[in-house]
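Descriptive analysis of the structure
Below are the chains, spelled out letter by letter.
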Amino acid sequence: MEPLFTTQTDLNLEEYKKFNAAAASKTLESGKLKKRLKWICILLAVCLLEIIIFNLLPGHSDQGNTFTVIFTTAAVVIAVSALSAYLLMRFPFFLNKSAEKAYYSNPFLQKNHLQIYSFYEEYLEEKSNDSSAKIEYALIHNIIETETNFYIMIGNNQGYVIIKSNCSPELIEFIKNLKPKQGSK
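Residues numbered from 1 in each chain as written. Predicted model: local features only at pLDDT ≥ 70, side-chain atom pairs only at ≥ 80, totals over all residues. Heavy atoms only, no water.

Things to note about the sheet that holds strand 1 (residues 5-10)
As summarised here, the arrangement of the four strands in space is 1-2-3-4, forming an open sheet in which the pairing is antiparallel. If you trace the sheet from one side to the other, it starts and ends with strand 1 and strand 4 (132-136), each paired once. The average undirected angle you get between the axes of adjacent strands in this sheet is 20°. Both strand 2 (residues 114-119) and strand 3 (residues 123-127) contribute to a ladder of four bridges, which runs antiparallel. The partner of I116 across the bridge, within strand 3, is K127. Each of strand 1 and strand 2 is contacted by helix 5 (residues 169-177), which is oriented at about 90° to strand 1, the strand it contacts most. (Pairing = 2+ DSSP bridges. Helix = DSSP H or I, 4+ residues; strand = E, 2+ residues; numbered from the N terminus. Axes fitted to C-alpha atoms, helices over the stretch in contact; angles between N-to-C directions. Contact = heavy atoms within 4.5 Å.)

Description of the nonpolar core
Counting 18 residues, the largest nonpolar core has F119, L124, Y137, I162, L171, F174 and I175 as the members making the most contacts within it. Sorting the residues of this core by element identifies strand 2, strand 6 (149-153), strand 7 (159-163) and helix 5 as the ones contributing at least two each. In contact with I175, not counting residues within four places along its chain, are F119, I143, F150 and I162. Listed in part, the 14 residues of the second largest apolar core include L13, Y16, A23 and V161. (Core = buried A, V, L, I, M, F, W, Y, C linked by side-chain atoms within 4.5 Å. Buried < 20%, exposed > 50% of the residue type's maximum accessible area, 1.4 Å probe, protein only.)

A look at a nonpolar patch on the surface
Taken together, the side chains of L83, Y86, F93 and F94 present a nonpolar region at the surface, about 400 Å² in accessible area. Examined against the element boundaries, F94 turns out to sit in helix 3 (residues 66-104). Taking relative accessible area as the criterion, F94 reaches 42% and is therefore assigned partly exposed. (Patch = residues over 30% accessible without salt bridge, like charges linked within 9 Å, V, L, I, M, F, W, Y side chains within 5 Å. Areas by Shrake-Rupley, 256 points an atom, 1.4 Å probe, with all protein chains shown as cover. Salt bridge = Lys/Arg side-chain N within 4 Å of Asp/Glu carboxyl O.)

Here it is in structure tokens:
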């Protein structure tokens, strides 16, 4: 059977980093992160409440001293804010380092970086030097589209990189019309 469309991807380190960033971005948008952030905010509020109550308890050396309560609370808020800002600024660096480490620790990726994709009516087929895979469209978990690529995800952090500049306009439209399985985001 002849494929409807074919394309190829050179899955080099730069493309792997883009894939890693897109998958991480999609995870950050998911409800899991929102739940974690909600719990972090609740924990921070409880900590601040404990600081305020502790400073007002009988037996504390500066009991009732409003300045001490405000200073201690402000110090905690500033420290947590500074740590959060630092981590947010460093996130892309950690993400790139993580991608590099994963890429270089996997000789299979380096050896088989040229991947050829064939799109059929009901499935896509991926082939490289030493492997091949057949993925039914019904098993697609998600499709992430960026300016330059499509990421056909078969799990939360596992997928296939399709470079748009290597695709015909018809293939781009075909991929846009693929539907992830029910219940996926």
